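Okay, here's what each chain looks like letter by letter:
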Amino acid sequence: MSSSAILAGNQKSAALMTALVVGVVSGAGSVVDAVAFATLIWAGIAGAYLASGIAAILLGAGLMAIIVAARSSYVATVAEPQDSSLAVLTLATTATAAA
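Trainee: For this particular structure, what's the right way to read the overall build of the chain?
Mentor: Across its full length, the chain carries three helices and zero strands. In summary, the chain has a C-alpha radius of gyration of 19 Å against a globular reference of 13 Å for 99 residues, an excess of more than 25%. Expressed as lengths along the three principal axes of its C-alpha atoms, the size of the chain is roughly 70 × 25 × 20 Å. Counting across all 99 residues of the chain, residues that qualify as buried make up 13%. With the model as given, the accessible surface of the chain reaches about 7100 Å², and the carbon-plus-sulfur share is 72%.

Below is the structure:
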């Protein structure tokens, strides 16, 4: 085996390891975000549904990440839940639970 083939193999291994580390760190951040979002949305009156809320947000985030990763034409695309609609969801959940 030539030295260029060994070098190419090492570069592929390094790129794979980098991608795995970035994926694990990004995934851990997504889990923390999802739990925080669910805690804010299902706080107070709807607190009895917190576990279901966490499961729903984690499932949605996971499905969204898989679909975007599989269908995106740009390799480095990352999909995560955003906090821009968090206040509206919190108000809607609280109003629904109070009704």
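Resuming the write-up.
Trainee: Explain the side chain of Thr-93 to me, please; I cannot follow it from the model alone.
Mentor: Checked against the element boundaries, Thr-93 lands in helix H3 (residues 86–98). Thr-93 gets classed as buried once you look at its relative accessible area, which sits at 16%. When residues no more than four places from it in sequence are discounted, the contact partners of Thr-93 are Ile-41, Trp-42 and Ala-46.

Trainee: Sorry, what's going on with the nonpolar core here?
Mentor: The tendency in soluble globular proteins is for nonpolar side chains to be buried side by side. Counting eight residues, the largest nonpolar core is built from Ala-34, Phe-37, Ala-38, Ile-41, Trp-42, Ala-46, Ile-57 and Leu-86. Sort the elements by how many residues they give to this core and helix H1 (residues 3–41) lands first, with four residues. Those residues in contact with Ala-38 that sit more than four places away from it in its chain are Leu-50, Gly-53, Ile-54 and Ile-57.

Trainee: When you look at the environment of Val-68 in this model, what are you seeing that I'm missing?
Mentor: Secondary-structure assignment places Val-68 in helix H2 (residues 50–71). Between the alpha carbons of Val-68 and Ser-85 there is a distance of 20 Å; along the sequence they are 17 residues apart. Residues in contact with Val-68, not counting those within four places in the same chain, are Thr-77 and Ala-79.

Trainee: Explain H2 here, please?
Mentor: Side chains three or four residues apart in an α-helix point the same way, a direct result of the helix having 3.6 residues per turn. Its 22 residues place the ends of H2 31 Å apart at the C-alpha level, agreeing with the 32 Å of an ideal helix rising 1.5 Å per residue. Among all positions in H2, only Gly-53, Ile-57 and Ala-61 are buried. Down the axis of H2, the buried set is contained in an arc of 65°. They therefore lie on one face. Exposed side of H2, more than 90 degrees from the buried face: Ala-51, Ser-52, Leu-59, Ile-66, Ile-67, Ala-70 and Arg-71 are the residues found there.

Trainee: Looking at this structure, I do not really get a nonpolar patch on the surface. What am I missing?
Mentor: Taken together, Leu-16, Met-17, Leu-20, Val-21 and Val-25 make up a surface patch of nonpolar side chains, about 500 Å² in accessible area. Residue placement: Met-17 occurs in helix H1.

Thresholds, definitions, all that
- Counting from 1, residues in each chain are numbered in the order their sequence is written.
- Totals for whole chains, interfaces and linings use every residue, but because this is a predicted model, local features are given only for residues with pLDDT of at least 70 and side-chain atom pairs only at 80 or more, for both listing and counting.
- The side-chain values count all of the structure's non-hydrogen atoms but skip hydrogen atoms and water molecules.
- A run of H or I in DSSP becomes a helix once it reaches four residues, and a run of E becomes a strand once it reaches two; helices and strands are each numbered from the N terminus.
- In this setup the radius of gyration rests on C-alpha atoms only. A globule is expected at 2.2 Å times the number of residues raised to 0.38.
- Burial classes: relative accessible area under 20% of the type maximum marks a residue as buried, over 50% as exposed, and values in between as partly exposed (1.4 Å probe, protein chains only).
- Residue burial considers only the protein chains on display, and all accessible areas are found by Shrake-Rupley using a 1.4 Å probe.
- We call two residues in contact when some of their heavy atoms are within 4.5 Å.
- For the purposes of this section, nonpolar cores are sets of buried Ala, Val, Leu, Ile, Met, Phe, Trp, Tyr and Cys residues that join through side-chain atoms within 4.5 Å.
- Helix span, as expected, comes to 1.5 Å for every residue beyond the first.
- Note: the arc covers the axis-to-C-beta directions of the helix.
- Each patch is assembled from residues with relative accessible area greater than 30% and no salt bridge, linking like charges that lie within 9 Å and nonpolar side chains (Val, Leu, Ile, Met, Phe, Trp, Tyr) that lie within 5 Å.
- For this document, the term salt bridge refers to a Lys or Arg side-chain nitrogen within 4 Å of an Asp or Glu carboxyl oxygen.

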